[in-house]
Structure formats: structure tokens, C-alpha cells
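Now for the letters of each chain:
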Amino acid sequence: MTSFARDARGYACLGGMRLDELLTQAEVATPAYVYDLDGIRKAATALEQAFGTRDHLVAYALKANAAGSIVRTIRACGVGACLVSGAELLVAEGAGIAPTRMVMNGVAKADWELDLAISKGLYGIQAESLEELERIAARARAQKRRARVGLRINPGVEIDSHSHIATGHDAAKFGIPRDQLATAFERVAASSDELGCVGVSVHVGSMLTRPEPYLESATAVCEVIKEAERAGHRLEYLNFGGGFGIQYDDQPIEAPARFVEAAIGLSERMGLSALKLVVEPGRSMVGPHGVLVARVVQHKQGKSRQWLMLDAGMNDLLRPALYGARHRIEPLEHAPGALEWRVVGPICESSDDFGSHAIGEPSEHVVIRDVGAYGFSMASEYNGRALASEVFVDAGKLVHVSKSPGYRAWVERRLRA
Ligand code: LLP
């Protein structure tokens, strides 16, 4: 389900509001991200409901989008947080999520981040190596506390996704290889004053379009837990990670709830239904409910191409340059026509290129779709371009505006550097 639609006159809308009117009302210039909180709430609620009566924790991966308005909306649906930094922990906590509903990943968590996670009493600090387990034990000892650790395993599973977002294969830096897991459990047991091993987790990659690879890595988690139980270890949770894909084009894909149903079925078949089932979705909660509105700065007739040049670039939306991702781009003021344009940004890099899109007659503004996840969160100020404004709508009303700091702030900071 996307929050994007067109009204009867052909204007692009998000969350039931015309995007041009919204930007005027919000008093922001382009480029501007616009999010529909109601769409995000519906996605979070649908996922919560997919668990039925099963004991579970949906841990929203803040890396997808850490805007306070979004995290608070998600928290109100009963969702927790999946973190990869101390700063994300502080945002999640500030947005009202209890640390006992947070899990933390990261291959190289800094000492201060471990200290923070231990002192807050996170539900699970997910260790990604034997070496990290030693560090967590040492930090916990210094605090005279017992850290709740999970073991993030590397299941050795290849998925059909872009190589930059596949994490569960043997050459990836993530997770503890399976042949080191017995040692990991032993080390935790040997440091029982400092460490309690509470769970096993996996995250095999992002943008999964069907549940099979998810189940393959989830099976590895179940097997590891069964083995650990046979060796006398008692665990509280199994965590199958995030990675549910969204529809970036016209091809429908499996809804996140289908992944959850399959995960519940698997854990029951493996005899693990008494454990809490944790999932870590990011993209699927927010991706379809955000757009980036950009102004067309100019057209250019090249030798072999017609270019449409925007005021939004790879600094605002990195996904096309980094992964070759394709986001639908449509005119704001009218429905798309047949005429194709090569749509690019203002950044001095050839990869600042959003691909060819059927726009039709040039419009004043365009809408880049499905950018609620990994859009603003990966933005930079490259080339002296300010971070974009963010506008939030809810139930057909403008509810919040986070204004761009503006380019002058960048100029001043660079001069002070
Ligand atoms: N859990 C862990 C341990 C992760 O590393 C990730 C994402 C997630 C959960 C959430 O995955 P999701 O449900 O959002 O797929 N920047 C890339 C995506 C990188 C994902 C990194 N890890 C993109 O724009 O496609």
C-alpha cells in the first residue's frame, strides 16, 4: 500500500493532500521530503496484527528513517526499535520507546555505545563476533551490570539482492560464523556474571521480495537455538531480522505480513513457539509513505538525450547512485505522459542520475516516489547543498514541518572548520 495518489484533476497527492498546496502551506522550498504518518501507522498496525496472539517484538530499524514524528507514530502502535548506534538509541528513547523494547546491532559498536546500551538495559545487544563478546563482558564488568546479549549469526546464505545490501553470506563482515557459535555460547556461559545470552538473531539482507530466503536464514537461527538448548543454554528470543521488500515499480510483491506468517509457522514447526519472535523491519514500514518533491530547474537538449534537471540530487537521495535503484518519477501538476526524459540532479557527478522516466510535457515540479526509507537518512550536504526540508501529514492534515537548515548554515560551518 502506498500513500501516493492523484486527485480528479491529476495533481499528485500524498496522504490525501495535494503536494503543491502542502508545500505552500508548510512554507518550505524544494527539495522537500513529505511523509504520510497515517500510512506509516497502518503499515505498523498491519504488521503487529499479523502476529496474532504470538509473543513478539516488532523492532523498527531506525536507520530507515529516524524522524521523531515517524518514530513516535510507530511507537504508539506498540512497536520497539532496532538500533545501530548510540545516537539512534537516544532518538528511540526520546521518542518514548522503552529500552526493554530495543535491540542493537553493529559490527563495531564503540565503547560509549556499549556502555549506553548496557546501562539502559536493552532487551538484546546483538554481538557480531567473539571479539565483541569479550568487549561487552569487559564493559559490563566495569559497570557491575549484566548485559543481555544476543548472538547475531552469519548463516552463509546468498540472496538475490544488490550486493551492497546482502549481509548473510560468508564474505560479509556481519554476524558470527556458524562454526564459531559453540565457542560463543561457551564464552557467554563462562562470563555469567557479566553476560546473559538471551537470543539468536540474523539479518540476511534487504529488499526481499518473497519469504523463501528469509525462511532459509530463519531456519539457521532455529537450528542454532535447538543446538544451544541441547547443550543446556536457555534462550528468550529468536530474531529473524528485517528485509521485507516494497514495491518500487508496478510488479506486486509479498506483503510483510506474509513473511511474519511464514516465520510463525516455521518457529512452531521447529518447536520454538514459546520464545519471543523478534523482527527488525525498516523499509517496509516507511518506504511507500514518503515522497521527495523537486523543482525542475531547467531542461537541456543533449546530443542524444533530453535532460530534465532537478534541484534534488544524489545528496538528497543516494539510492540510485549507490545501488542503481530505480524510483518512479512523475510530474506533480499532471499525470505522466509518454515523452521520456533523462532525469538528473545538480551534483557534479555523472552518477547523479535518476534514470529515464516517462514524464510527458515538462512540469514545474516532479515527485520521486517511495523514498520514505533510506532517503533522508542517507542524505548529505555534498557540493554545499543543504539537507532537505521534511513535511509530515496525518489524516489529511499538515501536522509538522522540519525546515532545511539552509545553505548559509553550511557556508558558516565550513568557514569555521
Ligand atoms: N536489521 C539489520 C541488522 C539491518 O542491517 C537492517 C538493514 C535492517 C534490520 C532493516 O532492513 P529493512 O527491513 O529496512 O530492509 N540503504 C539500503 C538498505 C540497507 C539496509 C541495511 N540494513 C537501501 O537504501 O536499500
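All figures in this text were calculated on a predicted structure; none of them were measured in a lab.

A. The arrangement of the site of the ligand in detail. Taken together, 20 residues surround the ligand, and among them His203, Ser206, Gly242, Gly282 and Tyr374 come closest. Put simply, the parts of the chain that give the shell around the ligand at least two residues each are α10 (283-286) and α11 (319-323). When residues of the shell around the ligand are assigned to domains, at least three fall in each of domain 1 (4-36 + 287-416) and domain 2 (105-281).

B. The arrangement of the sheet that holds strand β1 (residues 4-6) in detail. Strand order across the open sheet formed by three strands is β1-β2-β3, with antiparallel pairing between neighbours. The outermost strands of the open sheet, each flanked by one partner alone, are β1 and β3 (17-18).

C. Focus on the domain arrangement of the protein chain. Taken domain by domain, the protein chain holds domain 1 (4-36 + 287-416) and domain 2 (105-281). The interface is formed by eight residues belonging to domain 1 together with six residues belonging to domain 2. Taken together, the residues of the side of domain 1 that touches domain 2 break down into three nonpolar, two polar and three charged.

D. Main features of the packing of helix α2 (residues 37-50) against helix α9 (residues 256-269). It is the contact of α2 with α9, at a shortest axis distance of 9 Å, that shows an interaxial angle of 20°. Taken together, the axes of α2 and α9 lie roughly parallel to each other. Seen along the crossing, α2 lies across α9 with a hand that is right-handed. Every residue of α9 that contacts α2 at Ala46, Leu47 and Ala50 is listed here: Pro256, Ala257, Val260 and Glu261. For the contact of α2 with α9, a count of residues per class yields six nonpolar, no polar and one charged.

E. Spatial organisation of the environment of Tyr248. Structurally, Tyr248 can be placed in the loop between β12 (237-239) and α9. As a C-alpha pair, Tyr248 and His327 span 79 residues in sequence and 6.2 Å in three-dimensional space. In this view, Tyr248 contacts Arg326, His327 and Asp370; residues no more than four positions away in its chain are not counted.

F. How the structure looks around the pairing of strand β20 (residues 389-394). Burial within β20 is extensive, with five of its six residues counted as buried. Of the pairings in the sheet, the one linking strand β4 (residues 32-36) to β20 comprises five bridges and is parallel in character. Each bridged residue has a counterpart across the sheet, and for Val34 the counterpart in β20 is Val391. Of the strand pairs in this sheet, β20 and strand β21 (residues 397-402) are connected by five bridges, and their pairing is antiparallel. In the strand pairing of β21, Phe392 is matched with His400. Where β20 folds back onto β21 in an antiparallel hairpin, the turn is made up of two residues, including Ala395, whose phi is positive at roughly 45°.

Cut-offs and rules
Residues numbered from 1 in each chain as written. Predicted model: local features only at pLDDT ≥ 70, side-chain atom pairs only at ≥ 80, totals over all residues. Near = placed C-beta within 6 Å. Helix = DSSP H or I, 4+ residues; strand = E, 2+ residues; numbered from the N terminus. Domains from an automatic or database assignment. Pairing = 2+ DSSP bridges. Contact = placed C-beta atoms within 7 Å. Nonpolar A, V, L, I, M, F, W, Y, C, P; charged D, E, K, R; others polar. Axes fitted to C-alpha atoms, helices over the stretch in contact; angles between N-to-C directions. Parallel < 35°, antiparallel > 145°, perpendicular 65-115°, else oblique. Left-handed = near helix turned anticlockwise from the far one by under 90°. Buried ≥ 20, exposed ≤ 12 C-beta atoms within 10 Å, placed from the backbone.

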